[in-house]
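# Architecture at a glance
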Amino acid sequence: MVERFTEEMIRKKLLSRGEEQDRLFASAREKREERFPAREVEVRSVIEISNVCRQTCLYCGMNRRSKRKRYTITRDDLLAIVSNIYSKGRRVLLLQSGENDSRKYVDFISSCVEAVKHQFPDLAVILCMGNLKHAQYRQLRDSGADRYILKFETSNPALYKKIKPGDSLQQRVDCLNDLLELRYQVGTGNMIGLPDQTLQDIVNDLSFMMNFKLTMMSSTVFIPGEDSGYRGEPAGDVDTVLNFMALMRIMNPGLLIPATSSLEKGRRGGQYEGLAAGANAVTVHDGTPPELKQHFPIYSAKRFTPDEDHIREIVSRAELKFAQNGVVRTAL
Ligand code: 5AD
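Quick caveat: nothing in here was measured; it's all calculated off a predicted structure.

Cut-offs and rules
Residues numbered from 1 in each chain as written. Predicted model: local features only at pLDDT ≥ 70, side-chain atom pairs only at ≥ 80, totals over all residues. Heavy atoms only, no water. Core = buried A, V, L, I, M, F, W, Y, C linked by side-chain atoms within 4.5 Å. Buried < 20%, exposed > 50% of the residue type's maximum accessible area, 1.4 Å probe, protein only. Contact = heavy atoms within 4.5 Å. Phe/Tyr/Trp six-rings, centres within 6.5 Å; stacked < 30°, edge-to-face > 60°. Helix = DSSP H or I, 4+ residues; strand = E, 2+ residues; numbered from the N terminus. Lys NZ or Arg CZ within 6 Å of the ring centre and 35° of its normal. Near = heavy atom within 4 Å. Polar contact = N/O pair within 3.5 Å; in protein donor to acceptor, adjacent residues only side chain to side chain. Areas by Shrake-Rupley, 256 points an atom, 1.4 Å probe, with all protein chains shown as cover.

This part is about the nonpolar core. Core analysis: the largest hydrophobic core is formed by 97 residues, its most contacted members being Leu127 and Leu275. Excluding residues within four positions of it along the chain, Leu127 makes contact with Leu95, Ile109, Val113, Leu140, Ala145, Arg147, Tyr148 and Ile149. Core analysis: the second largest hydrophobic core is formed by 12 residues, Val46, Ala124, Met216 and Val328 among them.

Under the definition given, this model contains seven aromatic pairs. A centroid spacing of 5.1 Å and a plane angle of 80° characterise the contact between Tyr137 and Tyr148, whose relative ring orientation is edge-to-face. Taken together, the positions of Tyr137 in helix 5 (residues 134–142) and Tyr148 in strand 4 (residues 147–149) put the pair 11 residues apart, joining distant regions of the chain. With a centroid separation of 4.6 Å and an interplanar angle of 45°, the aromatic rings of Phe152 and Phe208 are classed as tilted. Here Phe208 lies in helix 8 (residues 199–209) and Phe152 lies in the loop between strand 4 and helix 6 (157–163), a separation of 56 residues in the sequence. You'll find Phe152 and Phe208 in the same group, each marked buried. An aromatic cluster is present here, built from Tyr137, Tyr148 and Tyr184 joined pairwise through their rings. The lysine or arginine in question, Arg141, covers the ring of Tyr184, its NZ or CZ lying 5.5 Å from the ring centre.

The next point concerns the site of the ligand. Close to the ligand lie 11 residues; Tyr59, Glu153, Thr220, Val221 and Ile223 are nearest. The contact in question runs from an oxygen atom of the ligand to an N or O atom on the side chain of Glu153, over 2.5 Å. With respect to the ligand, the side chain of Thr220 contributes an N or O atom lying 3.0 Å from a nitrogen atom. Contact with the protein chains removes 92% of the 400 Å² of surface that the ligand exposes when unbound.

So, in structure tokens, the structure goes:
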């Protein structure tokens, strides 16, 4: 049974701490275990394929205005990396990059996806590369991409415009609808703790997400990156994010919800707490070559990039296990 909460109840649960919070997490875990009785966690390998970006997001350290070295991994290097992570048993690949809608770049990604799917047909490919045109999403889908992550970041249109001056919430929503229409499995999510974001904005984020037919949902702790327009601002509150994650799970028991590395950056042990709050997906940073990582400071050059040992430890501590063949299946 999917629970419905009033706005007042959601506000109260977002602020819960101590025993009340423990109870919230326990009911989120219960919902997860009902739908995922094998207690499996999806493990994704991320490859940050390019940091070229046309956007000017205030929260991001690799936006167009930042003076950083730009790179794009070659197709041959990508295939070598994929072959390596595949041999380690990974079956879910997350290809992430800045937003670049040039024809050349989309053709390039499309040829990469095609080559990856040709060599590794049972590898699920998730793309996370921002707003593109409908025809480009179609091209990538036709090349074999299975899923797409496009976060709405905040459901407050004025705040959205402020943090992403080159974009609008409406354009983002149009892109999400394009992706759904093209039958991608779609993920979206928000950031919590953005400057000027209110508790009501966060409550609204939760109902906003319920408007889409999603496969994946996420929430990250806002991290003030040292190279971003928000350097020096306070970071988001980890407990509010954990409570938000628990609510996402209770309201959407069958979805894939990641425990993101921003939780660990926000607080030591935070990523484990994400699993305890009902998450069932984690991302391992074993794809991007170490010498390129510093050039992909989504939220901070000093960000925490979990390796496999860390992930194995928190997954077993949460009494969960790596999914067999990588992809998590629901009971229904
Ligand atoms: N703090 C937290 N999350 C961030 N992201 C990007 N920058 C930050 C930040 N400073 C998240 C956004 C984006 C995804 C790729 O990473 O949700 O969509």
